[in-house]
Structure formats: C-alpha cells, structure tokens
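Observations on chain architecture
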Amino acid sequence: MSLSPPDAPDPEPDCRLPYQVAVFARRISAAGEFDRATFLLLDQLAAGGPANVKTLAAALGVDSSTVTRQAAPLLRERLLARVPYPADRRAVRLALTPLGAGRLAQVREQRLRLVAELTAAWTADERAVFCALLERFNDGLRKRR
C-alpha cells in the first residue's frame, strides 16, 4: 500500500503492470461462457478453418498435448468435430461445428458488450490508443515465444 496521496503520481507505474495484466486476463475470461483456452482454440478454428492438432498448437503457442486435452471436452460437447483431411483420409483435423460457431458468436457478443460498456465514457482516441498499445503488448508476447 502506497503512502502517497491519491492524486500523487506513482513513482513506479510499471511495477503495477504485471498485476493489472493478470487481473485483466482473469476478468475478461470470466466475462463469457468459455475460459480463455477454449475461446482461443475455437476462435483460431473459426478464423483458420479445420486444422490438425500440431498446426493449432503452433498457432496458439502451446504443446500438441495441450490442444488434445483442451479439445477433448469440446468434442464431447459437439462444439468441435473430427473431420478427414482431404489429401490423406487417414489423417483428421479438428473443425468448429455449427453449435460451436454459434456458442463462439454468443461469447464474442458478450465480450463486445462488456468492452463497449467499460469504455463507454472513453473518447474514440482513448479506445484507439488502448487497442493499439494492447495489440503491441500482445505482439511482443507472441514474438517472445
């Protein structure tokens, strides 16, 4: 706890950043029906179409075993399906089902409403700057892996 007056500038504003990033990640994940991993996996399939586990793992920056573990309940819930790979019928890819696409659309809409609500008092410039900085931050994380 700081002993500085509330309106005094923080002497080390960057020291709060890791905590604020963690809080953001937790709270945005709680804003929808899917946890972060599920959202990202379904979103990747929605954007890129059917893909094998190895391709998904590379795109998400995780191990293949992680994708397999994350996909298992989604296959049981019929949000994902295994589809044959056209060039080799023995190989399979994961694909978003219509049910999965619909649920993903609902979660995206929930998150859009939340972001709109939280930034309603912001100017268009403030929203643009926040988005640009967050994108830059995430890009830096992506490049590190």
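Conventions we followed
Residues numbered from 1 in each chain as written. Predicted model: local features only at pLDDT ≥ 70, side-chain atom pairs only at ≥ 80, totals over all residues. Heavy atoms only, no water. Helix = DSSP H or I, 4+ residues; strand = E, 2+ residues; numbered from the N terminus. Buried < 20%, exposed > 50% of the residue type's maximum accessible area, 1.4 Å probe, protein only. Polar contact = N/O pair within 3.5 Å; in protein donor to acceptor, adjacent residues only side chain to side chain. Contact = heavy atoms within 4.5 Å. Phe/Tyr/Trp six-rings, centres within 6.5 Å; stacked < 30°, edge-to-face > 60°. Lys NZ or Arg CZ within 6 Å of the ring centre and 35° of its normal. Salt bridge = Lys/Arg side-chain N within 4 Å of Asp/Glu carboxyl O.

Some points on the environment of Gly48
Tracing the backbone through its elements, the reader meets Gly48 in helix α2 (residues 36-48). When the C-alpha atoms of Gly48 and Ala95 are compared, they prove to be 9.7 Å apart, with 47 residues separating the residues in sequence.

Topic: the side chain of Thr97
Looking at where Thr97 falls in the secondary structure, it is placed in the loop between β2 (88-96) and α5 (98-118). By relative accessible area, Thr97 is classed as buried at 13%. From its side chain, Thr97 meets the backbone nitrogen of Gly100 in a polar contact 3.0 Å long. Beyond its immediate chain neighbours, meaning those up to four positions away, Thr97 contacts Arg78, Leu79, Leu80 and Ala81.

Quick notes on the packing of aromatic side chains
Two numbers describe a pair of aromatic rings. These are the distance of the centres and the angle of the planes. For the coordinates displayed, the defined rule picks out one aromatic pair. In this arrangement the basic side chain of Arg111 is found over the ring face of Phe39, its NZ or CZ atom lying 4.2 Å from the centre.

Some words on unusual backbone geometry
Even without a glycine there, the phi angle at Arg78 is positive, about 65°. Position of Arg78 among the secondary structure elements: in the loop between α4 (64-76) and β1 (80-85).

Some details on the pattern of salt bridges
Within this structure, the stated rule accounts for five salt bridges. A salt bridge links Arg90 to Asp88; its shortest N-O distance comes to 3.1 Å. Classification of Arg90 by relative accessible area gives exposed; the value is 75%. Given a relative accessible area of 27%, Asp88 falls into the partly exposed group. For the salt bridge of Asp139 with Lys143, the shortest nitrogen-to-oxygen distance reads 3.2 Å. Highlighted residues: Asp139 and Lys143, both in helix α6 (residues 124-144), separated by four residues, approximately one helical turn.

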